[in-house]
Amino acid sequence: MKAHIARNQNAGVPMVLGWNLAPGDRGILDGMADAFGMKVRLVSPDEAGQTVAQLLGEVPLAAARTLRLEPGAYPPAIVLANFRPRDAATLLDLLNNAKAQIPLRAVVTPANRQWVFGDLLAQLLAEAAPQQKGQVTAP
C-alpha cells in the first residue's frame, strides 16, 4: 500500500492574505486575481494565532497559538506571498491607482513566514506609525 502525502495545493501560487478588508478593496483584489494568477484569502479573527506559513497552507495546522483578534483590532492589511518582485510592485501600484484603503502591506519573507499572523499585524502597525507621524498634510 502506498502512503499518500498531502501536498500544498498553493505551492508557488501567488497569494494575498487579507485582513479587515472593506468590500470595495476586496473587490479590487478579486478583480486582479486572474491577471496575476493569484488567490485571495481573508484571514478571520479566529485564525490570527496561526503562522503565516499555516495560513498559506505550507505546513499542517498544528496547535495554533490561542489568539483571537477583534475584527477591527488592526487596520486593513495585505500580505503577499509567492509573487515575483516585479509582479508584487505592479500589484501595489495598481492598488494605489485604484485608491484602495489598505494601509498595512507586507511581503512574505523567510523570516516572517513563521510569525504568528497577529504578531505580524502588530509589527506592520508599529512600523507604519513613525512614517505616518513624519507625513505633512496640507491644510
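None of these values were measured; they are calculated from a predicted model.

### Here we look at the overall build of the chain
And step 1. Counting its secondary structure elements, the chain contains four helices and four strands.
And step 2. Across the chain, helices and strands are ordered from the amino to the carboxyl terminus as β-α-β-α-β-α-β-α.
And step 3. In the chain, which comprises 139 residues, the proportion classed as buried is 39%.
And step 4. For the chain, the share of sequence-separated contacts (at least 6 apart) that also reach a separation of at least 24 residues comes to 75%.
And step 5. Summing over all exposed atoms, the chain offers an accessible surface of approximately 8400 Å²; the carbon and sulfur share of this is 56%.

### So, the pairing of strand E3 (residues 77-81)
And step 1. Buried residues dominate E3, accounting for five of its five residues.
And step 2. Across the two faces of E3 the burial is the same, with Ala 77, Val 79 and Ala 81 and Ile 78 and Leu 80 all buried.
And step 3. Pairing geometry for strand E1 (residues 15-19) and E3, over five bridges, is antiparallel. From the neighbouring strand, Val 16 faces E3, where its bridge partner is Leu 80.
And step 4. Here E3 runs beside strand E4 (residues 104-107); their pairing, made up of four bridges, is parallel.

### Here we look at the pairing of E4
And step 1. Burial of the side chains of E4 is restricted to one face: Leu 104 and Ala 106 are buried, whereas none of Arg 105 and Val 107 on the reverse face is.
And step 2. In terms of handedness, the path from E3 via helix H3 (residues 85-97) over to E4 forms a crossover that is right-handed.

### Some details on H3
And step 1. With 13 residues, H3 extends 18 Å between its outermost C-alpha atoms, agreeing within 8% with the 18 Å of an ideal straight helix rising 1.5 Å per residue.
And step 2. Burial in H3 covers these residues: Asp 87, Ala 88, Leu 91 and Leu 95. The arc enclosing the buried residues of H3, seen along the axis, measures out at 100 degrees, which places them on a common side. Facing away from the buried side of H3 by over 90 degrees, the exposed positions are Pro 85, Arg 86 and Asn 97.
And step 3. For H3, the secondary structure elements touched by its buried residues are E1, helix H1 (23-36), E3 and E4.

### So, the sheet that holds E3
And step 1. The sheet built from four strands is open, its strands ordered E2-E1-E3-E4 with mixed pairing. Single-partner strands in this sheet number two, and they are strand E2 (39-42) and E4. Neighbour-to-neighbour, the strand axes of the sheet open up by a mean angle of 20 degrees, direction not taken into account.
And step 2. Along the sheet, H1 makes contact with E1, E2 and E3, crossing E2 at roughly 155 degrees.
And step 3. On the sheet, H3 packs against E1, E3 and E4 and is oriented at approximately 155 degrees with respect to E3.

Here is what the cut-offs are and how they apply
- Residues numbered from 1 in each chain as written.
- Predicted model: local features only at pLDDT ≥ 70, side-chain atom pairs only at ≥ 80, totals over all residues.
- Heavy atoms only, no water.
- Helix = DSSP H or I, 4+ residues; strand = E, 2+ residues; numbered from the N terminus.
- Buried < 20%, exposed > 50% of the residue type's maximum accessible area, 1.4 Å probe, protein only.
- Contact = heavy atoms within 4.5 Å.
- Areas by Shrake-Rupley, 256 points an atom, 1.4 Å probe, with all protein chains shown as cover.
- Pairing = 2+ DSSP bridges.
- Right-handed = clockwise from strand over helix to strand, strands pointing away.
- Expected span 1.5 Å × (residues − 1).
- Arc of directions from axis to C-beta.
- Axes fitted to C-alpha atoms, helices over the stretch in contact; angles between N-to-C directions.

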